[in-house]
Amino acid sequence: MESLGVLLTVPMNTYLEEELDRRFKLFRLWETTPERRAEYLKANSGAIRAVVGNAHIGADASMIEALPALEIVASFSVGLDKVDLDKCRERGIRVTNTPDVLTEDVADLAIGLAIAVLRRIPAADRYVRGGNWLKKGDIKLSTRFSGKTVGIIGLGRIGLAIARRAEAFGCPICYYSRSKKSYPNYKCCSSVLDLAANCDVLVVACPLTEETRHIVNREVIDTLGPKGVLINIGRGPHVDEPELVSALLEGRLGGAGLDVFEKEPYVPEQLFELENVALVPHIGSGTWETRKDMADLVLGNLEAHVMKKPLLTPVV
Ligand code: NAP
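These numbers come from a predicted model, not from an experiment.

Student: Would you explain the overall build of the protein chain in this entry?
Tutor: A tally of helices and strands in the protein chain yields 12 helices and 12 strands. Against the 2.2 N^0.38 benchmark of 20 Å for 316 residues, the protein chain shows a C-alpha radius of gyration of 21 Å, consistent with a compact globule. Its C-alpha atoms give the protein chain principal-axis dimensions of roughly 65 × 50 × 30 Å. A separation of at least 24 residues holds for 58% of the contacts in the protein chain among residues at least 6 apart in sequence. If you sum the accessible surface of the protein chain, you get close to 15500 Å²; carbon and sulfur atoms cover 52% of it. Computing the positive centroid from 39 side-chain charges and the negative centroid from 42, the protein chain places the two 3 Å apart.

Have a look at this one:
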């Protein structure tokens, strides 16, 4: 195998890192300090022909500009909001991601969060651990998930997998996407506001773009209302987080299940004490099985690139 210089932006998966090290010439961006990053990239710019990033650090304009020999960005994620796609197109740099292999896990988590919020599982768990069952007796009643109308923003791979699961719970499905889909049982809504007005549980499952940044704003939150629940397994900036926090604190929104946040790993502390929220640290694709499959896709794309074969999951 030709020795491809690969820059890994953050430690993301041990198997991936070991295999990149074994098959290619690996550069680890975190071996330098943020202050010396530009110097590090300049010193290795002749050798680095590939970047492997993830949902946290991808390949932004400044990184791409610093790497004149860059040929491919192989992202360890399906979302490409941390990759400057326009710059890649301009420079003829190929881009790949890891679709499909993570769909089931992310959809499982979305349903898990919806049930966790409505049935108050995190709060009930804290109740038991805190000895309150013994001291105070039974906990307050919660709300049923089965049969609730689920509204999905972005009926793509993950959105559809969420819809299929929710259907099994007897939930009517409605959605808002760029294009109308041919699922006769699913109601297509004309806007996010229309969707929020028609569902009990609103799930964000679209990519983060300039169009979808803050797609869940105060108006959408208020339309979802005090009995509505927001689930975000997309990206943090899909939701106006300060508005979400105040709606939850003021009781204008019924609850929220969040895997992603606007400024990860920072999570607004006002949410910590609330019983109607479930908070997890961006674990949508975080299972051994899926991360191994994602790593194999990254490696397969890099190998295909070196061998001048068709890329497995090309985006650009
Ligand atoms: P996908 O198959 O491309 O589906 C995205 C869907 O969003 C498509 O149906 C698309 O509509 C719709 N969409 C795009 N722009 C829109 C807009 N402006 N308004 C409304 N809908 C819009 O992608 P996927 O594989 O399902 O992944 C979706 C996203 O989930 C990723 O981009 C990523 O950010 C996020 N994700 C999160 C995690 C996690 O760990 N939490 C893991 C994986 C992915 P059309 O079908 O009409 O084009």
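Student: Just to check I follow, could you spell out the site of the ligand for this structure?
Tutor: Around the ligand, the structure places 27 residues, and the nearest of them are Ile158, Arg178, Ser179, Lys181 and Asp259. At 3.0 Å, a backbone N or O of Gly156 approaches an oxygen atom of the ligand. Separating an oxygen atom of the ligand from a backbone N or O atom of Gly284 is a distance of 3.4 Å. Coverage of the ligand by the protein amounts to 89% of the 930 Å² it exposes when considered alone. In terms of residue class, the shell around the ligand is made up of 11 nonpolar, 10 polar and six charged.

Student: Help me out: how do you make sense of the domain arrangement of the protein chain in this one?
Tutor: Considered domain by domain, the protein chain is made up of domain 1 (5-99 + 288-306) and domain 2 (103-279). Centre-to-centre separation of domain 1 and domain 2, based on C-alpha positions: 32 Å. When domain 1 packs against domain 2, the two sides together hide about 560 Å² of surface, and 47% of this comes from carbon and sulfur. Its largest share of buried area at the contact with domain 2, domain 1 owes to Asp81, Pro99 and Thr290, together 57% of the area lost on that side.

Student: Can you walk me through the packing of helix 1 (residues 14-23) against helix 12 (residues 288-306) in this structure?
Tutor: Following both chains from N to C, one finds helix 1 and helix 12 inclined at 20°, their axes separated by 9 Å at the closest point. By the criterion of interaxial angle, the relationship of helix 1 to helix 12 is roughly parallel. Our pair here, helix 1 against helix 12, has a crossing hand that is right-handed. Note on element contacts: helix 12 touches helix 1 through Lys292, Ala295, Asp296, Val298, Leu299, Leu302 and Glu303, opposite Tyr15, Leu16, Glu19, Leu20 and Arg23. In terms of residue class, the contact of helix 1 with helix 12 is made up of seven nonpolar, no polar and five charged.

Student: What should I look at first to understand the environment of Leu8 in this one?
Tutor: With respect to the helices and strands, Leu8 occurs in strand 1 (residues 5-8). For Leu8, a relative accessible area of 1% puts it in the buried group. Distance in space between the C-alpha atoms of Leu8 and Arg91 is 20 Å, their sequence separation being 83 residues. Contacts of Leu8, omitting those with residues within four sequence positions, involve Leu16, Glu17, Leu20, Leu26, Phe27, Arg28, Leu29, Trp30 and Val52.

Definitions and limits used
Each residue is numbered by its place in its chain's sequence as written, counting from 1. In view of the model being predicted, local features appear only for residues whose pLDDT reaches at least 70, and side-chain atom pairs are presented and counted only at 80 or more, with totals across whole chains, interfaces and linings using the full set of residues. The side-chain values count all of the structure's non-hydrogen atoms but skip hydrogen atoms and water molecules. Each helix corresponds to a stretch of at least 4 residues labelled H or I by DSSP, and each strand to a stretch of at least 2 residues labelled E; elements are numbered beginning at the N terminus. The reference for a compact globule is 2.2 Å times residues^0.38; the radius of gyration itself is calculated from the C-alpha atoms. Throughout, a residue-residue contact means that at least one pair of heavy atoms, one from each residue, lies within 4.5 Å. Surface exposure here means Shrake-Rupley accessible area, sampled with a 1.4 Å probe, where a residue is shielded only by the protein chains that are shown. The charge count includes Lys and Arg as positive and Asp and Glu as negative, but it does not include His or the ends of the chains. A single reference atom marks each charge: NZ on Lys, CZ on Arg, CG on Asp, CD on Glu. When at least one non-hydrogen atom of a residue lies within 4 Å of a molecule or strand, that residue is treated as near it. Counting of polar contacts relies on pairs of N or O atoms within 3.5 Å, with two restrictions inside protein: one atom must be capable of donating a hydrogen and the other of accepting it, and residues adjacent in sequence are counted only when both atoms are side-chain atoms. Gly counts as polar in this scheme, as do all residues outside two lists: the nonpolar Ala, Val, Leu, Ile, Met, Phe, Trp, Tyr, Cys and Pro, and the charged Asp, Glu, Lys and Arg. Domain delimitation follows an automatic or database domain assignment. Buried area counts how much accessible surface, traced with a 1.4 Å probe, disappears from two parts once they are put together, with both parts' losses summed. The convention used is that axes are lines fitted to C-alpha atoms, helices contributing only their stretch in contact, and that angles between N-to-C directions extend from 0 to 180 degrees. Between 65 and 115 degrees an angle is taken as roughly perpendicular, under 35 as roughly parallel, over 145 as roughly antiparallel, and anywhere else as oblique. Whether a crossing is left-handed or right-handed is set by the direction in which the near helix is turned from the far one by less than a right angle, anticlockwise for left-handed and clockwise for right-handed. When a residue's accessible area, from a 1.4 Å probe over protein chains only, is under 20% of the maximum for its type it is buried; when over 50% it is exposed; and in between it is partly exposed.

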